[in-house]
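# A look at the structure
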Amino acid sequence: MSCPLLPLKAGAIVFTLLWTAWMMWWSGSFSSANMVILALCGAAVGYLWYRAMRWQFERMGMLPRDEDRPK
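Here's what I pulled together on the structure shown here. (Residues numbered from 1 in each chain as written. Predicted model: local features only at pLDDT ≥ 70, side-chain atom pairs only at ≥ 80, totals over all residues. Heavy atoms only, no water.)

## Quick notes on the nonpolar core
Buried together is how nonpolar side chains tend to be arranged in soluble globular proteins. For the record, the criterion: Throughout this description, the term nonpolar core refers to a set of buried Ala, Val, Leu, Ile, Met, Phe, Trp, Tyr and Cys residues connected via side-chain atoms within 4.5 Å. Only protein chains enter the area calculation, which uses a 1.4 Å probe; residues under 20% of their type maximum are buried, those over 50% are exposed, and those in between are partly exposed. Pairs of residues are marked as contacts when any of their non-hydrogen atoms sit within 4.5 Å.
Leu 5, Leu 8, Ala 12, Tyr 50 and Leu 63 together form the largest nonpolar core, which totals 5 residues. Beyond its immediate stretch of four places on either side in the chain, Tyr 50 contacts Leu 5, Leu 8, Lys 9 and Ala 12.

Rendered as structure tokens:
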């Protein structure tokens, strides 16, 4: 059984890690509070990126829609 969303989930994780690392480097402050806030923001951005890409790929027909997937 193949999972068509697995590459999208992996891409979202990579995007989250890269975005968070870039924001930490760009801010220049490595205090623990800043790192926690940026990690939480990175998780939110990664999730929103995943949802946006999933919606777009379903719209373009590159992924099966939710109602077409077996339960």
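## Side note on helix α1 (residues 6–27)
Our working definition: Note on conventions: DSSP H or I runs of at least 4 residues are helices, E runs of at least 2 residues are strands, and numbering of each starts at the N terminus. One less than the residue count of a helix, multiplied by 1.5 Å, gives the span that helix is expected to have. Note: the arc covers the axis-to-C-beta directions of the helix.
Between its terminal C-alpha atoms α1 stretches 32 Å, which fits the 32 Å expected from 22 residues at 1.5 Å a residue. Of all the residues in α1, the buried ones are Leu 8, Ala 12, Thr 16, Thr 20, Met 23 and Met 24. The arc that holds the buried residues of α1, viewed along the axis, is 135°, so those residues lie on one side. Every exposed residue of α1 that faces more than 90 degrees away from the buried side is listed here: Leu 6, Pro 7, Leu 17, Leu 18, Trp 25 and Trp 26. Turning to α1, the residues buried within the fold contact α2 (32–60). Note on α1: the residue one or two positions beyond its end, Gly 28, has a positive phi of about 80°.

So, to be careful, I would describe these as geometric facts and stop short of saying anything about function.
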